[in-house]
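These are the residues of each chain, in order.
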Amino acid sequence: MAGKLMHAVWYEGYGAAAALKHAEVPVPSPKKNEVLLKVEATSLNPVDWKIQKGLLRPLFPRKFPHIPATDLAGEVVEVGPGVKNFSIGDKVVALLSHFSGGGLAEFAVAQGSLAVKRPPEVSAAEGAGLPVAGLTALQALTKSAGIKLDGSGKTANILITAASGGVGHYAVQLAKLGNTHVTATCGVRNIDLVKSLGADEILDYKTPDGVALKSPSGRKYDAVIHCATGIPWSTFEPNLSERGKVIDITPGPSSIMTCALKKLTFSKKQIVPLLLIPKGENLEYLVGLVKDGKLKTVVDSKHPLDKAEDAWSKSIDGHATGKIIVEP
Ligand SMILES: NC(=O)c1ccc[n+]([C@@H]2O[C@H](COP(=O)([O-])OP(=O)(O)OC[C@H]3O[C@@H](n4cnc5c(N)ncnc54)[C@H](OP(=O)(O)O)[C@@H]3O)[C@@H](O)[C@H]2O)c1
C-alpha cells in the first residue's frame, strides 16, 4: 500500500466539530508488531472530542494534525514484521492508542497485541463498539467492583448511572452475567431498552427519586458503576451499603479529593477512580460474549466517513443511546 492515498478526517489544533477536516493522506505502513487494517467501522467515545477540546493536554494528542478515534473493526491487509497471530484477510476488532489515534480513516495501523479476531457472528459495527466502552464496563465491574461474571460471587446490589450510554449499556449486560441485582438510571425514552438489556429496576434520572439515586426496592448499593457526571458524593453516600464503592469513570478534582479523604479517614465507603487499561485478552473475552449472544452492541446511529462531523457533534451532545458508528 506504500505511496497510496486514503480519505481521513483530522484536526490541526484544539477546537470543535467544525474544525474537523477531510484530507487525502498517505496510507500508513505497519511497523514491527503492527497490522494495517482496511477499516469497516469505527466507534466514537466522548474521550475523542475531549482530546480535541484540549481537556487532556498536554498528554493527548501527541502531535497535530491528529486523526481521532481508537475503536474499530476492519480487515488485515498488511502484516508488519514480528506479527505471528494474524494473516491477510483476517477480520478483527482493534483498539488504537489515544496518543496516535487513526480511526477516522479508510486504513489504520493497530498493535497486534490490541487486535483480536472477529468471527462472522460479530458484525463490524457491533465489534467496533466494544473497545473503550466495553473494556471500561468490564474492568469497572470485575477489577474495581470485584464482580465475578461467571455468577460465582455472592449477590451484589449494583447501581449503573447513564445506563443508556456507550459504557452503561455494556455494564448492565455484563453485570447481569454475575450474581447481581442491577438498578439503572436513564432517561424516560430509554427505560424499555435498558430493561431489555437486563436491568432489574430503573430510575428515570429526571425524577426526584432518580436525582436522589434512591433504590425503588429500598436496596443499598454495594457498587455504583458511575457513567454519568456531576453527581456529588453526598448523593451517593446515603445509598451505599456499609462497604459500598462508587467506581467513577470520569473522575474530576472533587472525586479525586473525596477518594483521598475517604482513604485517609479509613472510611468503609469508598470512591474509586477508574482509568481503562487496554488489554487484548479482555477484548477477546468481550468479542466472544457477542459471538455467543451474551452481549450486544446497541447502535445509536451510523454515519458515513464523509459526514464524520455529524457523528462527532452527536457524541458531544451527550444523548447517544449505545454507540455512534462511522463507516468509510
Ligand atoms: N475512565 C475511562 O477510562 C473512561 C472510559 C470510557 C468512558 N469514560 C467516560 O465515561 C463517560 C460516559 O461515557 P459513554 O461513552 O457511556 O458516554 P455516552 O455514550 O455519550 O453517554 C450518553 C448517555 O448518557 C445518558 N446520560 C447523560 N447524563 C445522564 C444522567 N445524569 N443520568 C442518567 N443518564 C445520563 C444519556 O441519556 P439521555 O440522552 O436520556 O440524557 C445518553 O444516553 C464519559 O464522560 C466518558 O468520557 C471514561
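Everything numeric in this text was worked out from a predicted model, so none of it was measured. (Residues numbered from 1 in each chain as written. Predicted model: local features only at pLDDT ≥ 70, side-chain atom pairs only at ≥ 80, totals over all residues. Heavy atoms only, no water.)

Trainee: Provide a residue-level description of the layout of surface pockets, including the pertinent values.
Mentor: The calculated volume of the second largest pocket comes to roughly 740 Å³. Taken together, 26 residues make up the lining of the second largest pocket; nearest its centre are Pro28, Lys63, Ser100, Gly101 and Gly102. Element by element, the count of residues in the lining of the second largest pocket is highest for strand S6 (residues 107-111), at five residues. Taken together, the residues of the lining of the second largest pocket break down into 15 nonpolar, seven polar and four charged. (1 Å grid on protein atoms, 1.4 Å probe; cavity = no way out; pocket = protein on both sides within 12 Å on 5 of 7 lines; lining within 4 Å. Points joined across faces, edges and corners; volume = space filled by probe spheres on them. Helix = DSSP H or I, 4+ residues; strand = E, 2+ residues; numbered from the N terminus. Nonpolar A, V, L, I, M, F, W, Y, C, P; charged D, E, K, R; others polar.)

Trainee: Please provide a residue-by-residue account of the pattern of salt bridges, values included.
Mentor: Using the criterion set out here, one finds 10 salt bridges in the structure. For Lys117, the salt bridge is made with Asp90, and the minimal N-O distance between the two is 3.9 Å. Of this pair, Lys117 sits in strand S7 (residues 115-117) while Asp90 sits in the loop between strand S4 (71-79) and strand S5 (91-95); the two residues are 27 residues apart in sequence, bridging distant segments of the chain. In this structure, the salt-bridge partner of Glu327 is Lys302, at a minimum N-O distance of 3.8 Å. Of this pair, Glu327 sits in strand S15 (residues 323-327) while Lys302 sits in strand S14 (residues 299-304), and the two are 25 residues apart along the sequence. On the basis of relative accessible area, Glu327 is assigned to the partly exposed category, the value being 28%. The exposure class of Lys302 is partly exposed, given its relative accessible area of 48%. Each member of the salt-bridge network shares a partner with another, and the members are Glu40, Glu75, Lys91 and Arg118. (Salt bridge = Lys/Arg side-chain N within 4 Å of Asp/Glu carboxyl O. Buried < 20%, exposed > 50% of the residue type's maximum accessible area, 1.4 Å probe, protein only.)

Trainee: Run through the nonpolar core, naming residues and quoting values.
Mentor: Among the nonpolar cores identified, the biggest contains 46 residues, and Ile160, Leu174 and Ile225 are the most heavily contacted of them. Among the secondary structure elements, those contributing two or more residues to this core are S5, helix H3 (131-144), strand S8 (156-161), helix H4 (166-175), strand S9 (180-186), helix H5 (191-196), strand S11 (221-226) and helix H9 (280-291). With seven residues, the single largest contributor to this core is H3. Among the domains, domain 1 (5-129 + 297-327) and domain 2 (133-273) are the pair contributing at least three residues each to this core. Ignoring sequence-local partners within four residues, the contact set of Leu174 consists of Gly134, Ala137, Leu138, Leu141, Leu149, Leu286, Leu289 and Leu295. Among the nonpolar cores identified, the runner-up in size contains 27 residues, and Met6, Ala8, Trp10 and Phe107 belong to it. (Core = buried A, V, L, I, M, F, W, Y, C linked by side-chain atoms within 4.5 Å. Domains from an automatic or database assignment. Contact = heavy atoms within 4.5 Å.)

Trainee: Would you mind going over the sheet that holds strand S10 (residues 201-204) in detail, with residue names and values included?
Mentor: Here we have six strands laid out as an open sheet, ordered S10-S9-S8-S11-S12-S13, and parallel in their pairing. Looking at strand neighbours, the two that pair on one side only are S10 and strand S13 (270-273), the edges of this open sheet. Along the sheet, successive strands turn relative to each other by an average axial angle of 20 degrees, direction set aside. Sheet analysis places S8 next to S9, joined by five bridges and oriented parallel. (Pairing = 2+ DSSP bridges. Axes fitted to C-alpha atoms, helices over the stretch in contact; angles between N-to-C directions.)

Trainee: Tell me about helix H10 (residues 308-317), and please be specific about residues and values.
Mentor: Those residues of H10 that sit buried are Ala308, Ala311, Trp312 and Ser315. Considered in projection along H10, the buried side chains sweep an arc of 100 degrees and stay on one side of the axis. The elements touched by buried residues of H10 are strand S1 (5-10), strand S2 (21-26), helix H1 (46-52), S14 and S15. Directly after H10, the chain includes Gly318, whose backbone phi takes a positive value near 80 degrees. (Arc of directions from axis to C-beta.)

Trainee: Tell me about the UniProt feature "domain: Enoyl reductase (ER)" (unreviewed entry) in the chain, and name the residues and values.
Mentor: When the UniProt feature table is mapped onto this chain, "domain: Enoyl reductase (ER)" (unreviewed entry) is found at residues 15-326. Between the end C-alpha atoms of residues 15-326 there is a gap of 20 Å, over a span that is 27% helix and 27% strand. (UniProt positions renumbered as here; feature names shortened; annotations may be inferred.)

Trainee: Which residues make up the packing of aromatic side chains, and what values do they have?
Mentor: Applying the stated rule across the entire model yields four aromatic pairs. Here the aromatic rings of Tyr14 and Phe64 are separated by 5.1 Å at their centres, their planes lie at 85 degrees, and the arrangement is edge-to-face. Taken together, the residues Tyr14 in the loop between S1 and S2 and Phe64 in the loop between H1 and S4 connect sequence positions 50 residues apart. The exposure class of Tyr14 is partly exposed, given its relative accessible area of 32%. Assessed through its relative accessible area of 34%, Phe64 is described here as partly exposed. Put simply, the rings of Tyr11, Tyr14, Phe64 and Trp312 touch in pairs and so form one group of aromatic residues. Positioned over the ring face of Trp49 is Lys50, at 5.9 Å from the centre of the ring. (Phe/Tyr/Trp six-rings, centres within 6.5 Å; stacked < 30°, edge-to-face > 60°. Lys NZ or Arg CZ within 6 Å of the ring centre and 35° of its normal.)

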